[in-house]
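# Analysis of the macromolecular model
Each chain is listed here by its residues.
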Amino acid sequence: MDSFFIRSEIPADIPAIFEVNLQAFGQDGEARLVRALRNDRDYIHELSLVAVHDNKVIGHILFVPVSIESEDDQTPAVALAPLSVAFEYQCRGVGSGLIEEGLRACRQLGHRIVIVVGHPSYYPRFGFTTAPVLGIKAPFPCDNKVFMACPLVPGALDGVHGTVRYPPAFDAEGAHAS
């Protein structure tokens, strides 16, 4: 494969993003979730990124605002959900490129913590660690190994504990994994 580049999504990408998510996950739950999140008032356009090869969208990543809530505190964060790469471009660095660029964009916008539900053998290389051992809980049943957090600045997770609250679209669409 020749090179690819990563940029923020543009309106013309929306159908291709739907198709990439549909193909990557083999069903339309994540594709519908992205559509619902795009219509949320808290949607951050700069954190919806696409990988492009030969003028074709081959991958997509989205970060959305969430909060980590305890009885006495609320900490802002973003969730990486979902990450998708078209089947024929998987295992070629596209997903890694999207994650690296997405984390950079999150830092640039001042975000301090990223949450993900994902493969425990994949995400740690980007700085993610098991969230429950840090005192951060998922609001839904999932294996502790797949629920992870990543500090974007040193000390961002110090003293942070509670349950992650996702946007309502996650409940409506029933999708959490990336």
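First, a word on what this report is: a plain description of the structure on this page. Since this is a predicted model, take the numbers as computed values, not measurements.

As a further point, take the packing of aromatic side chains. All told, the structure shown has six aromatic pairs when counted by the stated rule. For the ring pair tyrosine 122 and tyrosine 123, a centre distance of 5.2 Å and an interplane angle of 90° mean the geometry is edge-to-face. Classification of tyrosine 123 by relative accessible area gives buried; the value is 2%. Relative to phenylalanine 126, the ring of tyrosine 122 has its centre 5.5 Å away and its plane inclined at 65°; by these criteria the two rings are edge-to-face.

Let us look at helix α3 (residues 94–108). Compared with the 21 Å implied by 1.5 Å per residue over 15 residues, the 21 Å span of α3 between its first and last C-alpha is a close match. Among the residues of α3, Val94, Gly95, Ser96, Gly97, Leu98, Ile99, Gly102, Leu103, Ala105 and Cys106 are the ones counted as buried. Where α3 is buried, its residues contact β1 (5–8), β2 (48–53), β3 (56–69), β4 (74–85) and β5 (113–117).

Attention now goes to the pattern of salt bridges. The final tally for this structure, using the stated rule, is seven salt bridges. Ionic pairing is found between glutamate 9 and arginine 38, a salt bridge with its closest N-O pair at 2.9 Å. Of this pair, glutamate 9 sits in the loop between β1 and α1 (14–25) while arginine 38 sits in helix α2 (residues 29–38); the two residues are 29 residues apart in sequence, bridging distant segments of the chain. There is no split in this pair, since glutamate 9 and arginine 38 are both buried. Arginine 41 is paired through a salt bridge with aspartate 42; the nearest N and O atoms lie 3.3 Å apart.

With respect to the helices and strands, the residue aspartate 54 is situated in the loop between β2 and β3. Accessibility expressed as a relative area gives 63% for aspartate 54, which makes it exposed. For the pair formed by aspartate 54 and leucine 152, sequence separation is 98 residues and the distance between their alpha carbons is 32 Å. Of the polar contacts made by the side chain of aspartate 54, one reaches the side chain of histidine 53; its length is 3.4 Å.

With that settled, the discussion passes to the nonpolar core. Buried together is how nonpolar side chains tend to be arranged in soluble globular proteins. Within the largest apolar cluster, 31 residues are counted, with the highest numbers of intra-cluster contacts made by Ile68, Ile113, Ile115, Ile136, Phe147, Val164 and Tyr166. Elements supplying a minimum of two residues to this core: α1, α2, β2, β3, β4, β5, β8 (147–151) and α4 (168–173). No other element matches β3, which puts five residues into this core. Non-local contacts of valine 164, meaning those with residues more than four positions away in its chain, are made with Val66, Ser67, Ile68, Ile115, Ile136, Lys137, Pro139 and Phe147. Core analysis: the second largest hydrophobic core is formed by 28 residues, Leu47, Leu49, Val94 and Val116 among them.

Rules of the game
Residues numbered from 1 in each chain as written. Predicted model: local features only at pLDDT ≥ 70, side-chain atom pairs only at ≥ 80, totals over all residues. Heavy atoms only, no water. Phe/Tyr/Trp six-rings, centres within 6.5 Å; stacked < 30°, edge-to-face > 60°. Buried < 20%, exposed > 50% of the residue type's maximum accessible area, 1.4 Å probe, protein only. Helix = DSSP H or I, 4+ residues; strand = E, 2+ residues; numbered from the N terminus. Expected span 1.5 Å × (residues − 1). Contact = heavy atoms within 4.5 Å. Salt bridge = Lys/Arg side-chain N within 4 Å of Asp/Glu carboxyl O. Polar contact = N/O pair within 3.5 Å; in protein donor to acceptor, adjacent residues only side chain to side chain. Core = buried A, V, L, I, M, F, W, Y, C linked by side-chain atoms within 4.5 Å.

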